[in-house]
Amino acid sequence: LAPTIIAHARRGSVALLFGREDRGLSNHALDRCHNVIVIPTAPDYPSLNLAHAAAIVAYELLLATQGGERPLPAGRRRGRPATHADLEEMYQVLESALHAVDFFKSRNVTGVMRALRTLLSRAEPDLRETHLLRAIGYEVVNYIERRDSVKE
């Protein structure tokens, strides 16, 4: 009903009435409503928290005012996609950091790195994110080297 609500709101006032979480709206209140929205839920959990229901309706109204569904925003800081070279450098530095902390002493390097590559590929990190992970790897290696030089 979001497009209908938006159309009515352009002509005048509109009120949204939400019912109680445990029982919904009373019949008395329903009799005075012009339209009724039912948000589909899982059969095992047939009711929604009131705040969640209001957020879902507000989001649908937002989409309706902007011409329908659209992809979720990527975020203010989303950078350009990481190149293959960016990713490879990140993996190399992460592997070096894992070696520095003896992570591989009882684990297979190839298997662990394959799992990390799979995980991070699903995340599709952008350039800024790959630089962050790479910086973490560098700092781990630098920390270990500084610690070891103090011991000597």
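Structural data are supplied above this passage.
For clarity, every value in this text was computed on a predicted model and none was experimentally measured.

Novice: Help me get a handle on the pattern of salt bridges, residues and values and all.
Specialist: Pairs can form between side chains of opposite charge once their charged atoms are near each other. Applying the stated criterion across every chain yields a total of four salt bridges. Residue Asp86 is joined to Arg80 by a salt bridge in which the shortest nitrogen-to-oxygen separation is 3.4 Å. Salt-bridge contacts for Glu88 lead to Arg117; the nearest nitrogen and oxygen are separated by 2.8 Å. Linking Glu88 in helix 4 (residues 84-100) with Arg117 in helix 5 (residues 109-123), this pair joins segments that are 29 residues apart in sequence.

Novice: Outline the side chain of Asp86, listing residues and values.
Specialist: Residue placement: Asp86 occurs in helix 4. In this structure Asp86 comes out as buried when scored by relative accessible area, which is 13%. Polar contacts involving the side chain of Asp86 include one to the main-chain amide nitrogen of Thr83, which spans 2.8 Å. Excluding its chain neighbours within four sequence positions, the residues that come into contact with Asp86 are Arg80, Leu127 and Thr130.

Novice: Talk me through helix 6 (residues 127-151); I want residue IDs and the actual numbers.
Specialist: Its 25 residues give helix 6 an end-to-end C-alpha distance of 36 Å, which sits within 8% of 36 Å, the value for a rise of 1.5 Å per residue. You can read the cap of helix 6 off the contacts: a side-chain oxygen lies 3.1 Å from the backbone nitrogen of Arg128, and it is on Asp126.

Novice: How would you summarise the nonpolar core if you had to cite specific residues and measurements?
Specialist: Among the nonpolar cores identified, the biggest contains eight residues, and these are Met90, Tyr91, Leu94, Leu98, Phe104, Val112, Met113 and Leu120. Mapped by element, the contributors of at least two residues to this core are helix 4 and helix 5. The greatest single-element share of this core, amounting to four residues, is contributed by helix 4. If you look at the next biggest cluster of nonpolar residues, it comprises five residues, including Ile5, Ile6, Val57 and Leu61.

What counts as what
- Residues numbered from 1 in each chain as written.
- Predicted model: local features only at pLDDT ≥ 70, side-chain atom pairs only at ≥ 80, totals over all residues.
- Heavy atoms only, no water.
- Salt bridge = Lys/Arg side-chain N within 4 Å of Asp/Glu carboxyl O.
- Helix = DSSP H or I, 4+ residues; strand = E, 2+ residues; numbered from the N terminus.
- Buried < 20%, exposed > 50% of the residue type's maximum accessible area, 1.4 Å probe, protein only.
- Polar contact = N/O pair within 3.5 Å; in protein donor to acceptor, adjacent residues only side chain to side chain.
- Contact = heavy atoms within 4.5 Å.
- Expected span 1.5 Å × (residues − 1).
- Core = buried A, V, L, I, M, F, W, Y, C linked by side-chain atoms within 4.5 Å.

These results come straight from atomic positions and should not be treated as a statement about function.
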